[in-house]
Structures are given as C-alpha cells and as structure tokens.
Amino acid sequence: MHDPSLRPSPALGHALFDTAVGRCALAWGAAGLRAVQLPEQDDAATVARLLRASGPCHAATPPPDAAAAIQGIQALLQGHKLDLREVLLDMTQVSDFHQRVYAVTRAIPPGQVRTYGDIAEQLGSKGLARAVGQALGLNPFAPVVPCHRVLGAGFQAGGFSATGGTATKLRMLQIEGACWGDTQALPGFWQVPRQA
C-alpha cells in the first residue's frame, strides 16, 4: 500500500504494508533488510517494535529490493509456498550463534515444521534447544526467518513473541497448510488434509 506522505527511498528507511494477518512493517539499509515486524495492536506499536530492532530510520518509499520482499511476505501470508531465502538480511548486529540458528530455520520449507531440538541437533548438540528457542524469540526478521515453523518438543506450539502469541504462530502455520513429517497433521491444533 503506497502512502503519499512517504519520503523517497533513502539508504535507511521503513514502511508499513498490508498482509492477510494484518499490517506488517520492514526496515531496510544498504546491506539488506534490518528488521521485519509482524502486526502489533496498531501501526504505531508495529513501527515502535520494528525500530527497536532496526535502529532509527524514517518512513520512506521502499527501494526495489525491499518492495520485492514486501510482495514475497504478502504472498507467503496468503498461503503461497515461498521460502523467501532470496531476501537479503542485514545481520551485522546479529550474533554468530543467532545467525547460524536463522540460517537453519530459513531452510525449513513452507508447510513443514521442525522442533527446537531438531534445530539444535543440526547445530551440533540437542543440548542447545533452549538457546535455539531464545534466539528465535529474538528473531528480528519474522516471517522471512520463519520462526513460526519451529515447535516445542512433541510438536507442541511452544512460544511466539509476536502479538497474539501462539495463536498467531498457529494461524501462520495453518495458512501454510503445515504438516510434520510427510503426511501427519500437527497434533492437537487443527486438522490439515494429508498430502498425497
């Protein structure tokens, strides 16, 4: 959605945009997206939380890369099977461990889920599951880094830091038609048609 009050695209900027789950926001810089924010209770709260993650920047017209990211996020949240791995993220303020967690998480395809333990095991030790959960709780790039696809042990919902908590996480998974394994629906949440 274009806002005529926005300034032309500077090196740093942010914009709000509509999605199927509400108004999201993203901030960009020369090295890629600095943060993405799922909807909060209103636009002001969404922008405030975005700017805590991205650092200060003004509302502006998104440059081509940010505009393409917006279109990808909108399509993902409408149920299109996009992984958004082509979206460049500026991780200069992100610790090495969190970068590793986010890289593994970005590899989870839409409609599939993993557990915190699965991610920890990929990083070298099941004992890292709690640290993985903490890293995903601080994820400044949701849903580009799809932390909603990571569940607790036994495929329980686990936490979710976006407004609405686990209800928002489960809604996003439902939009994607999420299953675990090749054929089983997520237990206890909703019925997802089994894949052929």
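**Observations concerning the overall build of the chain**
Phase 1 of the analysis: Looking only at helices and strands, the chain has six helices and seven strands in total.
Phase 2 of the analysis: Its helices and strands taken in sequence order, the chain reads β-β-β-α-α-α-β-α-α-β-α-β-β from the N to the C terminus.
Phase 3 of the analysis: Looking at the chain residue by residue over its 196 residues, the buried ones come to 47%.
Phase 4 of the analysis: When the accessible area of the chain is evaluated, it comes to approximately 9400 Å², of which 54% is carbon and sulfur surface.

**A few points about the pattern of salt bridges**
Phase 1 of the analysis: For the structure on display, the rule yields six salt bridges.
Phase 2 of the analysis: A salt bridge links R23 to D43; the nearest nitrogen and oxygen atoms lie 3.1 Å apart. Of this pair, R23 sits in strand β2 (residues 22-29) while D43 sits in helix α1 (residues 43-54); the two residues are 20 residues apart in sequence, bridging distant segments of the chain.
Phase 3 of the analysis: Owing to a relative accessible area of 31%, D43 belongs among the partly exposed residues under this scheme.
Phase 4 of the analysis: Each member of the salt-bridge network shares a partner with another, and the members are D18, R23 and D43.

**Quick word on the nonpolar core**
Phase 1 of the analysis: Ranked by size, the top nonpolar core spans 39 residues in total, and within it L26 and L33 carry the most contacts.
Phase 2 of the analysis: Where this core is concerned, the elements lending two or more residues are β1 (13-19), β2, β3 (32-37), α2 (64-76), α3 (96-106), α4 (116-122) and α5 (129-137).
Phase 3 of the analysis: With five residues, the top contributor of residues to this core is α2.
Phase 4 of the analysis: Residues in contact with L26, not counting those within four places in the same chain, are G13, H14, A15, F17, L33, A35, V36, L50, A66, A69, I70 and I73.

**Some remarks on the sheet that holds β2**
Phase 1 of the analysis: One open sheet holds the three strands; their spatial order is β1-β2-β3, and the pairing between them is antiparallel. Looking along the sheet, the strands with just one partner apiece sit at the ends: β1 and β3. On average, each strand axis in the sheet is inclined to that of its neighbour by 25°, with strand direction left out of account.
Phase 2 of the analysis: In the sheet, β1 pairs with β2 via seven bridges, with the strands oriented antiparallel.

**A word on the pairing of β2**
Phase 1 of the analysis: Across the eight residues of β2, six count as buried, placing the element largely inside the fold.
Phase 2 of the analysis: The hairpin formed by β1 and β2 contains two residues between the paired strands.
Phase 3 of the analysis: In the sheet, β2 pairs with β3 via five bridges, with the strands oriented antiparallel. Along β3, the bridge assignment pairs A27 with A35.
Phase 4 of the analysis: Taking the residues between adjacent antiparallel strands as the criterion, β2 and β3 are bridged by two residues.

**Observations regarding the packing of α3 against α5**
Phase 1 of the analysis: Running from amino to carboxyl end, α3 crosses α5 at an angle of 85°, the nearest separation of the two axes being 10 Å. Taken together, the axis directions place α3 and α5 in an arrangement best described as roughly perpendicular. Facing F97, H98, V101, Y102 and T105 of α3, the residues of α5 in contact are A131, V132, A135 and L136.
Phase 2 of the analysis: Class assignment for the residues of the contact of α3 with α5 results in seven nonpolar, two polar and no charged.

**Points about the confidence of the model for the chain**
Phase 1 of the analysis: Per-residue pLDDT for the chain averages 85, and the proportion of residues at 70 or more is 79%.
Phase 2 of the analysis: Segment residues 182-196: pLDDT under 50, and 30 contacts once partners within four positions in sequence are set aside and those in other chains are kept.

**A word on the side chain of H98**
Phase 1 of the analysis: Among the structural elements, H98 can be located in helix α3.
Phase 2 of the analysis: Dropping the residues within four chain positions of it, H98 is found in contact with A135 and L138.

Reading the values: rules and limits
Residues numbered from 1 in each chain as written. Predicted model: local features only at pLDDT ≥ 70, side-chain atom pairs only at ≥ 80, totals over all residues. Heavy atoms only, no water. Helix = DSSP H or I, 4+ residues; strand = E, 2+ residues; numbered from the N terminus. Buried < 20%, exposed > 50% of the residue type's maximum accessible area, 1.4 Å probe, protein only. Areas by Shrake-Rupley, 256 points an atom, 1.4 Å probe, with all protein chains shown as cover. Salt bridge = Lys/Arg side-chain N within 4 Å of Asp/Glu carboxyl O. Core = buried A, V, L, I, M, F, W, Y, C linked by side-chain atoms within 4.5 Å. Contact = heavy atoms within 4.5 Å. Pairing = 2+ DSSP bridges. Axes fitted to C-alpha atoms, helices over the stretch in contact; angles between N-to-C directions. Parallel < 35°, antiparallel > 145°, perpendicular 65-115°, else oblique. Nonpolar A, V, L, I, M, F, W, Y, C, P; charged D, E, K, R; others polar. pLDDT = per-residue confidence, 0-100.

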